[in-house]
Amino acid sequence: MRYFLKVLISFASFVFVAASPSSNNALAASYATYPVGNEPKAVVVADFNKDGKQDLATVNRGSYTVSILLGDGLGNFGAASHFPTGGTFGEPFALIAGDFNNDGKTDVVVSKPNVARISLLLGNGAGGLGTAADVSVGENPATFTAGDFNGDGNRDLAVADFGFNNGGVYVLLGTGTGTGSFGTPTKFTAGTRPRYVATGDFNRDNKTDLAVANVGFGFNKVSILIGNGTGGFNAPTDFAVGTSPIGLVIGDFNKDNFLDLAVANTDSHNVSILKGDGLGSFGSATNFPANSFPLSISSGDFDGDGKLDLAVGANSTGDRISILRGDDTGQFSAPSSFSAGSGPYDLVGGDLNGDGSSDLAVANASSNNVSVWIGPLPSVSIAATSVTEGNTGTVPANFPLTLSASSNRDVTLTYSITHGTTSAADLGGGVPQAIIPAGNLTGNLAVPIIGEQTYELNETFTVTLTTSLNAFINISQAQGTIVNDDPIPSVSIEDSMNLEGSNISFNITLTNPSFQQISVTAATADRTAASGSDYVAKSSTVNIPAGQTGVTFSVLALGDTLSEPHETFLVNLTSPTNASLARAQAIGTILDNDPAALLVDSSQRAIATDSITLVRDPFAVANPTNFSLDQRSRISLFAVGLNLNQGDVITVSAEDAQHVIRDLPVEFAGPVPTFGGMWQIVVKLPDNLTPGDYLVRFTLRGTPSNTGLITIKP
């Protein structure tokens, strides 16, 4: 059978209370590991060589030994010395240190539950232990506590026996003789399968009482046995706690001068606090989360704030222990994790470097070593920050992290983000983790901020530190501010054009987006086009939604059948809201879509005249009345819808009956005064024209006009 046994802290479940917190915030915490025997299941603090400095001892199930590590008083420990616990059948589990033979030297008692024995190893005062002497006790002796239960000045033992058939609490009165012998064990009833026992004066009668954690069969209670001062104990009084209480520690956790209980519950993964009333009774349990499947618990002021905290070990947590910080009212914080070896099975607090504050030793059953934390252990705080967002990519919002003391271990933090006025689109992704490297007092928690160009108010979000490794969390929340660096947008309108009879759409654009809606008034005004006949006048408020950079404003151009020049009107922007005006006026061009045509009469003869005589055809190629040097005839053709633009070239051709085409040089093209929409094209008749009929047409921008007939006379 595999037993899960909790080791007793030596001599009456010592509670270590630190001196007032040091004003030197740079005081460093340190972590170290020291090899011991195989599968250490328990660790105690005591002075084994009488030098006034604290040493460590572990009991090692896998190597059947006790390992002693002598301390130098500065928190460092030498190589372990190993002492047999007697044979290779009895598997040692629990350990207690004390002077059991009154010789002024520290001795050790170990339990061997699989053979129903405990073994006493007398100390030699120089850091060594003698041969183990066995005593038979109960069925499965697990852990023990020590005290003077009968007032004779000798150290006695109370053993928690978690046997299935004969479990209980066995009291062995010490004789104080040179051999450290004990009287016959006396059994006292407790709850089901007592797993852990500790001593305290719960009713303040100056007599030692017992508190017992009962792990078995859904009992889920601790038992209090009030002592009578002569080595006997009253019937137990039981108090409900969490599921499967496996260890406990005694202390005044609410500063009312009455002893309280802190109980580790392995199957409900929590710690129960029972506040004592000073009369031997306790209030209802208050439960606080711990690590998974806790096996051991100890107390001390591990952060140096003058208040008792709780350290919890668990073999299932890999290489972590948890510490719950107390507030002196009986309340405890969420657990913070600290490094340990593999399989941290048991732990104990003590002043290992003589500075008056609590340190911590951890027995690591899987890595065969002891971890030592020299405190006070650091606390981390996060502070607010602000960052200018930028326009592209990401920039880090660096939240300052500050430790109360440095450490020789990295401090690793995880965090969560709560949006205030930000959204997920403002913050980049990544692993929500920050690390303060070993030896540093400060660090940064970097949250990536996504750059963009939207004008907006400064935005905020909150970072909350959620878990920590190797530091407590002091100030857990801080606000991040994203400082806007984008200007208030400016509004512009672009020129536009379209055919008559269609909508002309104007693009109204912003220089950059905005977090709020932007409004502007758009109104048309006449230019060469007249509202009512050429377009429909319009005036309205144009809204650009938040986050967008533009909309369109449409004006209907009216259609007609008149070939006429292109016409223009204006769109003016006024009265902007939440923006300024950059380009406030645009020109709308109505493109005439009526084709240009050569004017002809009903017989399809071109309306054409001699430019001098103003008579119609037939025309002579030569004209003596023409004042030109070549005396060639010039004739005027008339058209509508030419709408000549700068750079336009117009050509005229004449086609005879044999379909031979000749060019007629154009000497002038322009509007006819006082005849709106009519154009005059003046061409010279070339020498190669022979008498006869010709079809004439003009071509503009690659498009030929209709034809009209003219006659050339001999």
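Residues numbered from 1 in each chain as written. Predicted model: local features only at pLDDT ≥ 70, side-chain atom pairs only at ≥ 80, totals over all residues. Heavy atoms only, no water.

1. A look at the overall build of the protein chain
Next, step 1: Scanning the protein chain for helices and strands turns up one helix and 57 strands.
Next, step 2: On C-alpha atoms alone, the protein chain measures out to a radius of gyration of 51 Å, which is more than a quarter above the 27 Å that the 2.2 N^0.38 rule sets for 714 residues.
Next, step 3: Each principal axis of the C-alpha atoms in the protein chain carries an extent, and together these give about 160 × 50 × 45 Å.
Next, step 4: Buried positions account for 52% of the 714 residues belonging to the protein chain.
Next, step 5: The contacts of the protein chain with a sequence gap of at least 6 include a subset with a gap of at least 24, amounting to 57%. (Helix = DSSP H or I, 4+ residues; strand = E, 2+ residues; numbered from the N terminus. Rg over C-alpha atoms; globule rule 2.2 N^0.38 Å. Buried < 20%, exposed > 50% of the residue type's maximum accessible area, 1.4 Å probe, protein only. Contact = heavy atoms within 4.5 Å.)

2. A closer look at the sheet that holds strand β14 (residues 194-200)
Next, step 1: Pairing is antiparallel in the open sheet, where four strands are placed in the order β14-β15-β16-β17. In the strand order of this sheet, the two ends are held by β14 and β17 (237-240), each with one partner. The mean inter-strand angle of the sheet, taken between neighbouring strand axes irrespective of direction, is 25°.
Next, step 2: With five bridges connecting them, strand β15 (residues 209-214) and strand β16 (residues 221-225) associate as antiparallel partners. In the strand pairing of β16, V212 is matched with S223. (Pairing = 2+ DSSP bridges. Axes fitted to C-alpha atoms, helices over the stretch in contact; angles between N-to-C directions.)

3. Some words on the pairing of strand β55 (residues 692-700)
Next, step 1: The sheet contact formed by strand β51 (residues 650-655) and β55 spans six bridges and is antiparallel. What sits directly across from T651, in β55, is T699.
Next, step 2: Bridge analysis of β55 against strand β57 (residues 708-713) gives five bridges, and the strand direction is antiparallel. Within β57, the position partnered with Y694 by the bridge is I710.
Next, step 3: Both β55 and strand β56 (residues 703-704) contribute to a ladder of two bridges, which runs antiparallel. Bridge assignment links T699 to a residue of β56, and that residue is P704.
Next, step 4: Following β55, the chain reverses through two residues before pairing antiparallel with β56; R701 in that reversal takes a positive phi of roughly 55°.

4. A few points about unusual backbone geometry
Next, step 1: Each neighbour pair has its own omega, and for G375 with P376 the value is 5°, a cis peptide bond.
Next, step 2: Looking at the secondary structure, you find P376 in the loop between β28 (369-374) and β29 (379-382).
Next, step 3: Look at the link from D617 to P618: it is a cis peptide, with omega at 10°.
Next, step 4: Mapped onto the fold, P618 is located in the loop between β48 (608-610) and β49 (619-620).
Next, step 5: The backbone phi angle of N102 is positive, close to 60°, even though this residue is not glycine.
Next, step 6: Structurally, N102 can be placed in the loop between β6 (95-98) and β7 (107-112).
Next, step 7: The phi dihedral of R204 falls on the positive side, at around 55°, and the residue is not glycine.
Next, step 8: Its place among the elements puts R204 in the loop between β14 and β15.

5. Some remarks on the pattern of salt bridges
Next, step 1: Summed over all chains, the structure comprises 18 salt bridges.
Next, step 2: Here D495 and R583 are joined by a salt bridge, their closest N and O atoms 3.1 Å apart. Of this pair, D495 sits in the loop between β38 (490-493) and β39 (496-499) while R583 sits in strand β45 (residues 580-583), and the two are 88 residues apart along the sequence.
Next, step 3: Residue classification places R583 among the partly exposed positions, given a relative accessible area of 36%.
Next, step 4: Residue R632 pairs with D687 through a salt bridge whose shortest N-O separation is 2.0 Å. Taken as a pair, R632 in the loop between β49 and β50 (634-640) and D687 in the loop between β54 (678-684) and β55 lie far apart in primary sequence, 55 residues in all.
Next, step 5: Judged by relative accessible area, which is 54%, D687 ranks as exposed. (Salt bridge = Lys/Arg side-chain N within 4 Å of Asp/Glu carboxyl O.)

6. So, the nonpolar core
Next, step 1: Membership of the largest hydrophobic core comes to 24 residues, with the highest contact counts inside it found for L637, L642, I681, V696, F698, I710 and I712.
Next, step 2: For this core, the secondary-structure elements that each account for two or more residues are β50, β51, β54, β55 and β57.
Next, step 3: Ranked by residues supplied to this core, first place goes to β55 with four residues.
Next, step 4: Discounting chain neighbours no more than four positions away, the residues touching F698 are A596, A597, L598, A639, L642, I650, T651, V652, I681, T703, P704 and S705. (Core = buried A, V, L, I, M, F, W, Y, C linked by side-chain atoms within 4.5 Å.)

7. Things to note about the packing of aromatic side chains
Next, step 1: Taken as a whole and assessed by the stated rule, the structure comprises 16 aromatic pairs.
Next, step 2: Ring geometry for Y31 against W373: centres 5.0 Å apart, planes inclined by 50°, an arrangement best described as tilted. Linking Y31 in strand β1 (residues 30-35) with W373 in strand β28, this pair joins segments that are 342 residues apart in sequence. The residues Y31 and W373 share a single accessibility class, namely buried.
Next, step 3: Three or more aromatic residues joined by ring pairs make a cluster, and in this case those are Y31, F338, W373 and F472. (Phe/Tyr/Trp six-rings, centres within 6.5 Å; stacked < 30°, edge-to-face > 60°.)

8. Some points on the side chain of S244
Next, step 1: Mapped onto the elements, S244 comes out in the loop between β17 and β18 (245-251).
Next, step 2: Judged by relative accessible area, which is 8%, S244 ranks as buried.
Next, step 3: A polar contact of 2.6 Å, which involves the side chain of S244, links it to the side chain of D267.
Next, step 4: For S244, the contacting residues outside a window of four places in its chain are V215, N220, A264, N265, T266 and D267. (Polar contact = N/O pair within 3.5 Å; in protein donor to acceptor, adjacent residues only side chain to side chain.)

9. With respect to the environment of K207
Next, step 1: Locating K207 in the fold gives a position in the loop between β14 and β15.
Next, step 2: Through-space distance from the C-alpha of K207 to that of F569 is 107 Å; in sequence the pair is 362 residues apart.
Next, step 3: Contacts of K207, omitting those with residues within four sequence positions, involve G200, D201, G227, N228 and G229.

10. Considerations on the sheet that holds strand β36 (residues 472-475)
Next, step 1: With mixed pairing, the four strands of this open sheet are ordered in space as β34-β31-β29-β36. The outermost strands of the open sheet, each flanked by one partner alone, are β34 (442-450) and β36. If you compare each strand with its neighbour and ignore which way they point, the axes differ by 35° on average.
Next, step 2: Note: strand β31 (residues 394-403) against β34, nine bridges, orientation antiparallel. Paired with F399 across the bridge in β34 is L445.

11. Brief notes about the confidence of the model for the protein chain
A low pLDDT score tells you not to read the predicted coordinates there in detail.
Next, step 1: Averaged over every residue, the pLDDT of the protein chain is 91; the share at 70 or more is 95%.
Next, step 2: The low-confidence segment residues 1-26, where pLDDT is below 50, has 105 contacts with residues more than four positions distant or belonging to other chains. (pLDDT = per-residue confidence, 0-100.)

12. What to know about the side chain of S490
Next, step 1: Following the sequence through the fold, S490 ends up in strand β38.
Next, step 2: Classification of S490 as buried rests on a relative accessible area of 18%.
Next, step 3: Excluding residues within four positions of it along the chain, S490 makes contact with T509, L510, T511, S580 and A582.

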